[in-house]
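# Examination of the molecular architecture
What follows is the residue order along each chain.
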2 protein chains.
Amino acid sequence: MKLPHAINCYFALMLFSAAAPAFAQELARSITGSAEQAREKHLKMQTRKFGLVVHGGAGTIKRSNMTPEREREYRTGLERALSAGYEILKRGGSSLDATEAAVRVMEDDPHFNAGKGAVFTSAGTNELDAAIMDGKNLKAGAVAAIKHIKNPVNLARLVMEKSGHVMMDGEGAEAFAQESGVELLPDQKYFFTQERWDALQKIKAAEKHRTGQAGKEFVITDQDRHGTVGAVALDQNGDLAAATSTGGTTNKRPGRVGDSPIIGAGTYANNATCAVSATGDGEYFIRATVGHDVSALMEYRGMSLKEAAQTVLDKVARLGGTGGLIAIDHRGNIALPFNTSGMYRGYVDPNGKFVVEIYK
Amino acid sequence: MKLPHAINCYFALMLFSAAAPAFAQELARSITGSAEQAREKHLKMQTRKFGLVVHGGAGTIKRSNMTPEREREYRTGLERALSAGYEILKRGGSSLDATEAAVRVMEDDPHFNAGKGAVFTSAGTNELDAAIMDGKNLKAGAVAAIKHIKNPVNLARLVMEKSGHVMMDGEGAEAFAQESGVELLPDQKYFFTQERWDALQKIKAAEKHRTGQAGKEFVITDQDRHGTVGAVALDQNGDLAAATSTGGTTNKRPGRVGDSPIIGAGTYANNATCAVSATGDGEYFIRATVGHDVSALMEYRGMSLKEAAQTVLDKVARLGGTGGLIAIDHRGNIALPFNTSGMYRGYVDPNGKFVVEIYK
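Reading guide: rules and limits
- Residues numbered from 1 in each chain as written.
- Chains lettered and ligands numbered in written order.
- Predicted model: local features only at pLDDT ≥ 70, side-chain atom pairs only at ≥ 80, totals over all residues.
- Heavy atoms only, no water.
- Contact = heavy atoms within 4.5 Å.
- Buried area = accessible area lost by both parts, 1.4 Å probe.
- Salt bridge = Lys/Arg side-chain N within 4 Å of Asp/Glu carboxyl O.
- Polar contact = N/O pair within 3.5 Å; in protein donor to acceptor, adjacent residues only side chain to side chain.
- Helix = DSSP H or I, 4+ residues; strand = E, 2+ residues; numbered from the N terminus.
- Buried < 20%, exposed > 50% of the residue type's maximum accessible area, 1.4 Å probe, protein only.
- Lys, Arg positive; Asp, Glu negative; His and termini not counted.
- Least-squares fit on C-alpha atoms with pLDDT ≥ 70 in both.
- Pairing = 2+ DSSP bridges.
- Axes fitted to C-alpha atoms, helices over the stretch in contact; angles between N-to-C directions.
- Nonpolar A, V, L, I, M, F, W, Y, C, P; charged D, E, K, R; others polar.

### Brief notes about the interface of chain A and chain B
- Residue-level contacts link 45 residues of chain A with 45 residues of chain B.
- Here chain A meets chain B over a buried area of about 3700 Å², counting both sides, of which 55% is carbon and sulfur.
- The largest contributions to the chain A side of the interface with chain B come from R253, R287 and Y300 of chain A, which together make up 21% of the buried area.
- Connecting chain A to chain B are two salt bridges.
- The salt bridge partner of R253 of chain B is E179 of chain A, with a shortest N-O separation of 3.3 Å.
- Our count for the chain A to chain B interface comes out at 23 residue pairs in polar contact (both at pLDDT 80 or more).
- Put simply, the parts of the chain that give the side of chain A that touches chain B at least two residues each are β4 (139-146), β5 (167-169), α7 (170-179), β8 (256-257), α10 (282-287), α11 (290-301) and α12 (305-319) of chain A.
- Sort the elements by how many residues they give to the side of chain A that touches chain B and α11 of chain A lands first, with seven residues.

Written out as structure tokens, the structure reads:
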């Protein structure tokens, strides 16, 4: 079975083929047709691939700071996310469902900065952003600065499907959630993790030290700055989707909105090109319109997914931003570039095996 | 003086040249140099144009619904906005200052749906969005769903320059405003206009009639749906900027964020290409990543500003959205396409004369 795009692209093998038996059947049927028809059907079957990539944030992730146990916990979290999405794709489900399911798993995992485990704002609160986009019809849903919802990605999906809007924020988004039957948490205790709380205290102490008691300058270490979860998928219908969720950046001002819920920046999907979910210094990713730029370079310049993804990440770096992104195109090629020392990431290889990586 | 781009582009005459005397001087000085050097300097002077375009929203604007007095009021509002921006550009000020000033004038004018005169949400409140972007360095600031600030565009600029963030929303944005010395309104009375209130009542009545007492389906007429103000400018340094401000859509759910504060959608500026401010069905403009797409078509496909702007607006229409946009490129060409019956709009012609138009 010839897979030219798998040879052309470094990451092209990162997809799983469910087409082989169906292809044999289809070929048999096509014996009655012309050679040309058979070839066309063959090509059509070849594209019936599905693929899934997830990330759990990019940043200063060093082996020296990691215990074997902790590393195992992260790996398990990423594998669980892959599993949730993979099961859906394997049985012919949509990329939209798969990305939502994968992100939800990571939102529920306290290791990642999204949902349970979200970082703290400078006011000691948690404010969550999320988005989801359907590459088939460019429909999208996003929520920003919400405080009492366990799974922002589900609310983003609901905004897309039921609100008549694309983006909703704050109390308005939560009122819509309640009206739609989504449980609101009575307070923010659910989001508390000691580790994130300690990170905020550490930053606040550094801030005091650096600027004196009166100063208000931001001091955020690279380690604490990054953290987002995301998933991109191609389903058996050839539809692409992307979903992203985050608690934002530690010590952010209340009300700060990052790139994750910005359609075209942290989250983007378009069947004509690719699906993208980003993680990093959100401000730079917004200014570089990361998701749509990857898509535009493919569509208008004819770049491969890998080339487009790297080109855009390099633009972010030139602006001064660090981070990474995951992307998948309509052929199932994937790209996972990042310019930090690590990015929690995973994908499913052509044999259905889960590949999980953390460091460079 | 040869102006090839003025001939090539339909809108190219909509700029004002301050270069002629300086050019003669420059040419005289260049006599000592080579012919090639003189030509290069000539070209450089040619590009020292500045331009300004403003809009006050697109929608179903018909002569039959307009009194001469009302039309005069709109025209005066647009001229005042042009004047505010023009004065800055003429004396060598930045496009960033010019767009901010032009938008602020329209925010203060109750005829336009931004600042004073903002439409009402379904809860009878006012929630304002705004953004500003500097094409020189891709810096940007945006605010969403704010309730107690007279001039959201000024706050967007402050977010860009002082917050360390790009986008802030709701109470968090207002807390930052207060901390920065911006006056917070004690309540929302300032935003009240009888006309906008009546529009909300009309929509609510239509909603009741159409869906029965219990129904919650959205019923929004085209007339009430649109309304945004915006400005794009090129200054004498060759820097582009865009600014947009809006009250959103009448009867929107509280918390709804439109395209205006989304960098890359309703607002975008990049010295390499163009500056864009959009108005229309915000949800569709977000999904189409309007501002960045105009830029990408110019940068990656080599389209003219006019062609790129129309191409993107056509994409919005195919998704089902109506509205318009204003754009200016780094040569001073402008475009003002819209697919509604009218768009409040204005620009300054090459002689410094203000041109204001409303209908198709």
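### Describing the side chain of D134 of chain B
- The topology assignment puts D134 of chain B in strand β3 (residues 128-134).
- We note that D134 of chain B is buried and unpaired, the nearest opposite charge coming from K136 of chain B at a distance of 4.3 Å.

### Some words on the relation of the copies chain A and chain B
- Mapping chain A onto chain B calls for a screw motion: a turn of 180° about the axis and a shift of 0.0 Å along it, with 0.0 Å RMSD after fitting. The operation mapping one copy onto its partner corresponds to a two-fold rotation axis. Residue Y300 of chain A, judged by its C-alpha, is the member of chain A lying nearest the rotation axis, at 2.8 Å.
- When the interface residues of chain A are mapped onto chain B, 100% of them again fall at the interface, so both copies present the same face.

### A look at the sheet that holds strand β10 (residues 274-280) of chain A
Residues and elements named next belong to chain A.
- Taken in spatial order, the four strands of this open sheet run β9-β10-β11-β12, and their pairing is antiparallel. Each edge of the sheet is formed by a strand with only one pairing partner; in this case those strands are β9 (267-269) and β12 (334-335).
- In terms of strand pairing, strand β11 (residues 323-329) meets β12 through two bridges, oriented antiparallel. Along β12, the bridge assignment pairs I328 with I334.
- Seen against the sheet, α11 touches β9, β10 and β11 and runs at an angle of roughly 140° to β10.
- The strands touched by α12 are β10, β11 and β12; relative to β11, the strand with the most contacts, the crossing angle is about 155°.

### A short note on the pattern of salt bridges
- Scanning the entire structure with this criterion turns up 24 salt bridges over all chains.
- Here R75 of chain B and E71 of chain B are joined by a salt bridge, their closest N and O atoms 3.3 Å apart. One end of the pair, R75 of chain B, and the other, E71 of chain B, are both in helix α4 (residues 68-90), four residues apart, so they sit about a helical turn from each other.
- By relative accessible area, R75 of chain B is classed as partly exposed at 26%.
- Between K315 of chain B and D293 of chain B there is a salt bridge whose closest N-O contact spans 2.7 Å. In this pair, K315 of chain B sits in helix α12 (residues 305-319) while D293 of chain B sits in helix α11 (residues 290-301), placing the two residues 22 residues apart along the sequence.
- Take K315 of chain B: its relative accessible area is 23%, and that puts it in the partly exposed class.
- Where salt bridges share partners, they join D97, E100, R157 and E161 of chain A into one cluster.

### Topic: the packing of helix α5 (residues 95-108) of chain B against helix α6 (residues 152-163) of chain B
All names here are of chain B.
- Axis separation between α5 and α6 bottoms out at 8 Å; the angle between their running directions is 150°. Residue-level inspection shows L96, D97, E100, V103, R104 and E107 of α5 in contact with α6, the latter providing P152, V153, N154, R157, M160 and E161.
- Partitioning the contact of α5 with α6 into residue classes produces five nonpolar, one polar and six charged.

### Here's the deal with the sheet that holds strand β9 (residues 267-269) of chain B
Residues and elements named next belong to chain B.
- Spatially, four strands are ordered β9-β10-β11-β12 in an open sheet, and the strand pairing comes out antiparallel. This sheet does not close on itself; its edge strands, each paired only once, are β9 and β12 (334-335).
- As paired strands, strand β10 (residues 274-280) and strand β11 (residues 323-329) are joined by seven bridges and run antiparallel to one another. Bridge assignment links S277 to a residue of β11, and that residue is I326.
- Here α12 sits on the sheet and contacts β10, β11 and β12; the angle it forms with β11, its principal contact strand, is near 155°.

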